Amino acid sequence: MDDHLLERLRRFHNDYFPDYKDQFQHLVEQGQHPTILFVGCSDSRLVPYMLTGTGPGELFIVRNVGALVPPYNGLHGLHGTAAAIEYAVLNLHVSHIIVCGHSHCGAMKALYEEISPEAKNLQAWLDLAREAALPVQVSEEALRRTEQRSVVLQLERLMAYPMVRQRVEQRQISLHGWHYVIEEGEVYVFDVKSGSFVPATHAEHSGTGPYHDVDPDNGSIFNEVDASWYPGGASR
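These notes cover the structure that comes with them. Not measured: the values here are computed from a predicted model.

## Regarding the overall build of the protein chain
- Scanning the protein chain for helices and strands turns up eight helices and six strands.
- Listing every helix and strand of the protein chain by position from the N terminus yields α-β-α-β-α-β-α-α-α-α-β-β-β-α.
- Each of the 236 residues in the protein chain was classed as buried or not, and the buried ones make up 43%.
- Considering only residue pairs separated by 6 or more positions, the protein chain has 64% of its internal contacts joining residues 24 or more positions apart.
- Put simply, the protein chain shows about 13,000 Å² of open surface, and 50% of that area lies on carbon and sulfur atoms.

## Considering the pairing of strand β1 (residues 36-41)
- By the criterion of burial, β1 is predominantly enclosed, with six of the six residues buried.
- Note that β1 and strand β3 (residues 96-102) share five bridges and pair parallel. Bridge pairing in β3 places Gly40 opposite Cys100.

Calculation criteria
Within each chain, residue numbers correspond to sequence positions counted from 1 in written order. With pLDDT at 70 or above as the cut-off, local features in this predicted model cover only qualifying residues; side-chain atom pairs require 80 or more to be listed or tallied, and sums for whole chains, interfaces and linings still use all residues. Excluding hydrogens and water, the side-chain figures rest on all heavy atoms present in the structure. Numbering of helices and strands starts at the N terminus; helices are DSSP runs of H or I of at least 4 residues and strands are runs of E of at least 2. For each residue, the accessible area found with a 1.4 Å probe, counting protein chains only, is set against the maximum for its type, and the residue is called buried under 20%, exposed over 50%, and partly exposed in between. The contact rule is simple, with two residues in contact once any of their heavy atoms fall within 4.5 Å. Each accessible area value is a Shrake-Rupley result obtained with a 1.4 Å probe; residue values ignore everything except the protein chains displayed when judging cover. Paired strands are those between which DSSP finds at least two bridges.

As structure tokens, this is what we get:
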């Protein structure tokens, strides 16, 4: 049986690495200094380096099912995502944090479906996104809105991390909510003032959420988005 993984490792060493050898050597000698923390879904169709046009040493990446952010209070148990957020802010001093969801997300779809009783960890993990689910019949539009609502929910949860909130309020960190529509090749960025996601090809910024030039204690941004999207009277 052909070992395709071994072939790819050799291709990296022989074909790719020589072109970037000096860059990797510099990153070893000087250490990593990424300016962006990218919190993304584990979905194989989401490729952070392609979306952002970045290379080695530019992104600090943490990925999980659904691009979810666990609460700072630790009630959801120990988690690598929370540790990565703290490390990125306190040790790497990133200036941007991106939460990137995407279309056709299996995690968001699972919010409306039965989950195998064997998947106890998945069941508990998805609780972090249940507030984003809509009380409607599942449809493509409902899933799209759920995906975007979840992104905003995670941004708000980030603000419960003291080190994140302090730096956002001091304008040392910018938070960005992105929703990548795979079939369009378009990233929709969250605009906090309009409470909507705007296609990057027409946007005036890469995302202003939450709380850029907005009082962080003046109500919930998530609730503002919720009010504009909530289809009252609909039933699941």
